[in-house]
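# Architecture and fold: a report
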Amino acid sequence: MSVLAELLKREVRLLCRRPGELLNPLVFFAIVVALFPLALGAQPQLLQAVAPGLVWVAALLAVLLSLEGLFRSDFEDGSLEQMVLSPQPLALLMLAKVLVHWLFSGLALVLLAPLLGVMLGLPLVCLPVLLASLLLGTPVLSLLGAIGAALTVGLKRGGLLLALLVLPLYIPVLILGSGALQAALQGLPSGGYLLWLASLAALALALAPLAIAAGLRISVAE
Amino acid sequence: MNPYLQASALACERDGRLLFEHLALSLGAGDMLQVSGPNGAGKTSLLRVLAGLMAPTAGHVRCTAKPLWVGHAAGIQERLSAEENLAWLCALHATAPGKVPATAPATEGRAAYRAAIWQALAEVGLRGFEDVPCHSLSAGQKRRVALARLYLPAPRLWVLDEPFTALDIQAVAQLEAHLAAHCEQGGAVVLTTHHLLGRRPPGFAELALGGATA
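Residues numbered from 1 in each chain as written. Chains lettered and ligands numbered in written order. Predicted model: local features only at pLDDT ≥ 70, side-chain atom pairs only at ≥ 80, totals over all residues. Heavy atoms only, no water.

A few words now on unusual backbone geometry. Negative phi is the rule for most residues except glycine; trans is the rule for most peptide bonds. Residue and element names in this part refer to chain B. In this structure, His22 takes a positive phi of about 50 degrees despite not being glycine. Tracing the backbone through its elements, the reader meets His22 in strand S2 (residues 17–27). A relative accessible area of 66% places His22 in the exposed class. Although it is not a glycine, Glu162 adopts a positive phi angle of roughly 50 degrees. (Helix = DSSP H or I, 4+ residues; strand = E, 2+ residues; numbered from the N terminus. Buried < 20%, exposed > 50% of the residue type's maximum accessible area, 1.4 Å probe, protein only.)

Laid out in structure tokens, this is it:
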């Protein structure tokens, strides 16, 4: 479909012309993780034990941070009105938009995570599980966060409200993601957790775009 | 002939204030409707209802096809160039500029597409600004980029909120002529503006909001 190709081109151009939007969450992620060894002191056992939860909480906050501006500029310049009025299905357009955003910000975060994992003393055998859990989990975080971003885009200072709306929804992903890593750290099988994460991802891919579209219609109608 | 847009018993309320009620209107080929009234009378609200962006408090709006909507914020992304903006808006609204036979190779199609967009930009006086990012254009030039959509294949019904804002005298006259020509060729236009239209097509009508429902 040519409209999806044009949307892809548009989003990639927009992201490349303001690289700070992509870079800031990544730097935030790296700094938050780097703060913990400084705060907890040089205790390799302790750091290794808290690493799964720590990496996941930091990744979750970084994704949330990156989503705050997802629809903001489109809302302000009227592009969202044009998308709502388009004969194309809004949910599909938004799914494409969120996926492009994830490809640029979420995927970079996933690729950065093993480095930070090693920094916290995670054994190398855990890194594939770390990668897999983030690879399945961050799209869910992006899609759920986009629902909140769609609902709060019309508000002047929606940032904190977005966090309050979305963070409770992130709990299952957080439990499953850090659970997978925790299990891998103790030498237990982590397949179950990953399958649960995968099913959450499938569910979010199928249903979240509809909620995002509905949220945007409400925001545009205000 | 079927009207492009039909509205009956429309009412709209904002923040507990009734803007209008019992409003009925119908727009067919050749019609131009100028919505007038003081600031805050509900002109933009009416246009947003007609365009389908907002649900009316009461009543129905029936459209045969989605109209072309240009609002206060016209959907022009500052970080994209004029050409990129128009290419995106055309793709989004599934209108293909520069129709070519389906058998033509893809590169030829793309060239025709580009030529049509450049032609539209030249029509609104933006020749030479095709690849300038919109944030470095003036307010009037940005408005011209948005209005270049009126020179590309578009739906028959145009809903324009304050289309003359920030335009210079010459551009205003040109746009008036273009709107009248569109109506004479079987299109329809709904617009809000505070100035007196110089060129009025035969199907011109004016709707005054405010005062009547107070």
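Bringing the pattern of salt bridges into the picture now. When charged atoms on two side chains of opposite charge get close, those side chains can pair. Scanning the model with the defined rule gives 13 salt bridges over all chains in all. Between Glu81(A) and Arg48(B) there is a salt bridge, with the nearest N and O atoms lying 2.8 Å from each other. Highlighted residues: Glu81(A) in helix H5 (residues 79–85) and Arg48(B) in helix H1 (residues 43–51), drawn from two different chains. The residue Glu83(B) makes a salt bridge to Arg114(B) at a minimum N-O spacing of 2.7 Å. One end of the pair, Glu83(B), is in helix H2 (residues 82–92); the other, Arg114(B), is in helix H3 (residues 106–123), with 31 residues separating them in the sequence. Classification of Arg114(B) by relative accessible area gives partly exposed; the value is 43%. In this structure, a network of salt bridges that share partners links the residues Arg10(A), Glu11(A), Asp74(A) and Lys97(A). (Salt bridge = Lys/Arg side-chain N within 4 Å of Asp/Glu carboxyl O.)

When the domains of chain B are assigned, the result is domain 1 (5–67 + 155–208) and domain 2 (82–139). Here the C-alpha centre of domain 2 of chain B lies 26 Å away from the C-alpha centre of domain 1 of chain B. (Domains from an automatic or database assignment.)

Right, let's talk about empty space enclosed by the protein for a bit. Residues and elements named next belong to chain B. Summed over all chains, the structure comprises two cavities of 30 Å³ or more. If you go around the largest cavity, the residues you meet are Val124, Arg144, Leu147, Tyr151, Leu167, Ala171, Gln174 and Leu175. The set of elements that each furnish at least two residues to the lining of the largest cavity consists of helix H4 (139–147) and helix H5 (169–184). The computed volume of the second largest cavity comes to approximately 40 Å³. (1 Å grid on protein atoms, 1.4 Å probe; cavity = no way out; pocket = protein on both sides within 12 Å on 5 of 7 lines; lining within 4 Å. Points joined across faces, edges and corners; volume = space filled by probe spheres on them.)

To continue, consider the layout of surface pockets. Residue and element names in this part refer to chain A. Empty space within the second largest pocket amounts to approximately 340 Å³. As for the second largest pocket, its lining consists of 20 residues, of which Glu21, Ser66, Gly69, Leu70 and His101 are closest to the centre. Elements represented by at least two residues in the lining of the second largest pocket include exactly helix H1 (2–17), helix H2 (20–40), helix H3 (44–67), helix H4 (72–76) and helix H6 (90–119). Split into classes, the residues belonging to the lining of the second largest pocket amount to seven nonpolar, five polar and eight charged. (Nonpolar A, V, L, I, M, F, W, Y, C, P; charged D, E, K, R; others polar.)

All names here are of chain A. The sites that carry the UniProt feature "transmembrane region" (unreviewed entry) are, in the present numbering, residues 21–40, 46–71, 92–117, 129–153, 160–181 and 193–216. Span residues 92–117 is 100% helix and 0% strand, its end C-alpha atoms 35 Å apart. Counted over residues 160–181, helix gives 100% and strand 0%. Its end C-alpha atoms are 29 Å apart. (UniProt positions renumbered as here; feature names shortened; annotations may be inferred.)

A word on H6(A). Residue and element names in this part refer to chain A. Its 30 residues give H6 an end-to-end C-alpha distance of 42 Å, which sits within 8% of 44 Å, the value for a rise of 1.5 Å per residue. In the structure, H6 departs most strongly from a straight axis at Trp102, where the bend amounts to approximately 40 degrees. Where H6 terminates, the next one or two residues include Gly121, which has phi positive at roughly 90 degrees. (Expected span 1.5 Å × (residues − 1). Bend = angle between axes of the 7 residues up to and from the residue.)

Below, the discussion takes up the sheet that holds strand S5 (residues 68–70) of chain B. Residue and element names in this part refer to chain B. Spatially, five strands are ordered S5-S6-S7-S3-S8 in an open sheet, and the strand pairing comes out parallel. Two strands lie at the open edges of the sheet, namely S5 and strand S8 (203–208), each paired on one side alone. The mean inter-strand angle of the sheet, taken between neighbouring strand axes irrespective of direction, is 10 degrees. (Pairing = 2+ DSSP bridges. Axes fitted to C-alpha atoms, helices over the stretch in contact; angles between N-to-C directions.)

It is worth spelling out the environment of Ala29(B) at this point. Residue and element names in this part refer to chain B. Tracing the chain through its elements places Ala29 in the loop between S2 and strand S3 (31–36). Taking relative accessible area as the criterion, Ala29 reaches 39% and is therefore assigned partly exposed. Ala29 sits 155 residues away from Glu184 along the chain, and the two C-alpha atoms are 8.2 Å apart.

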